[in-house]
Amino acid sequence: LFIAPFFVVYIATNERWFGGKPETLALIEGGFVAGLFFTSLLISKIKIKKPGWAFAGAIGGTGLMVFLMAFSKNFWLFFLWNFLAGIAIAFVDLPMMTYMQLAVPDSYRGRVMSI
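Quick caveat, the model's predicted, so the values are computed rather than measured.

**Q** Explain the overall build of the chain to me, please; I cannot follow it from the model alone.
**A** On a plain count of helices and strands, the chain comes out with five helices and zero strands. Along the chain direction, N to C, the helices and strands of the chain fall in the order α-α-α-α-α. Considered along the principal axes of its C-alpha atoms, the chain spans approximately 45 × 30 × 20 Å. In the chain, buried positions account for 26% of the 115 residues. When contacts within the chain are restricted to residue pairs at least 6 apart in sequence, those whose partners lie at least 24 apart make up 68%. If you sum the accessible surface of the chain, you get close to 7,800 Å²; carbon and sulfur atoms cover 72% of it. Charged side chains in the chain number 9 positive and 5 negative. The centres of these two groups are separated by 13 Å.

Shown next, in the form of structure tokens:
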């Protein structure tokens, strides 16, 4: 519920700071997805012993990256923070999806996941 509005900010940032080209917007969004994809390939090999701490650290890390993006009018610096935010989000998604699959009965999972 909190990531979707984040992508709307990409459009405004692209318009105000980076010239408003569609190619630039695609790179901005692609940076986040690339970080998420890269981490999704490696995360199964990582042994997380304290998932609560990993989740909290990832939330904090994502927040820090977004904070740094707010002050980065240089495109490649903005891209770097965005890429790192994508990496951090993977550590948020994994514990949440695992918990949802364990806690929500199969018959309700589709409804809960759609929220």
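**Q** Explanation requested: the nonpolar core in the structure shown.
**A** Within soluble globular proteins, side chains that are nonpolar tend to cluster in buried spots. Counting 14 residues, the largest nonpolar core has Tyr 10, Phe 18, Ile 28, Phe 32, Met 69 and Phe 78 as its most contacted members. At the level of secondary structure, the elements contributing two or more residues to this core comprise α1 (4–17), α2 (22–42), α3 (51–69) and α4 (75–103). With six residues, α4 is the single largest residue contributor to this core. Not counting residues within four places of it along the chain, the set of residues in contact with Ile 28 comprises Tyr 10, Asn 14, Phe 18, Phe 75, Phe 78 and Asn 82.

**Q** Honestly, the packing of aromatic side chains in this entry has me stumped. Any pointers?
**A** When we look at a pair of aromatic rings, we describe it by the centre distance and by the angle of the planes. Enumeration according to the criterion identifies eight aromatic pairs in this entry. Centroid distance Trp 17 to Phe 18: 6.1 Å. Interplanar angle 85°. Geometry classified as edge-to-face. Relative to Phe 79, the ring of Trp 76 has its centre 5.6 Å away and its plane inclined at 65°; by these criteria the two rings are edge-to-face. Of this pair, Trp 76 and Phe 79 both sit in helix α4, three residues apart, which is roughly one turn of the helix. Counting every residue linked through ring pairs, the aromatic cluster contains Trp 17, Phe 18, Phe 75, Trp 76, Phe 78 and Phe 79.

Conventions used here
- Residues numbered from 1 in each chain as written.
- Predicted model: local features only at pLDDT ≥ 70, side-chain atom pairs only at ≥ 80, totals over all residues.
- Heavy atoms only, no water.
- Helix = DSSP H or I, 4+ residues; strand = E, 2+ residues; numbered from the N terminus.
- Buried < 20%, exposed > 50% of the residue type's maximum accessible area, 1.4 Å probe, protein only.
- Contact = heavy atoms within 4.5 Å.
- Areas by Shrake-Rupley, 256 points an atom, 1.4 Å probe, with all protein chains shown as cover.
- Lys, Arg positive; Asp, Glu negative; His and termini not counted.
- Charge placed at Lys NZ, Arg CZ, Asp CG, Glu CD.
- Core = buried A, V, L, I, M, F, W, Y, C linked by side-chain atoms within 4.5 Å.
- Phe/Tyr/Trp six-rings, centres within 6.5 Å; stacked < 30°, edge-to-face > 60°.

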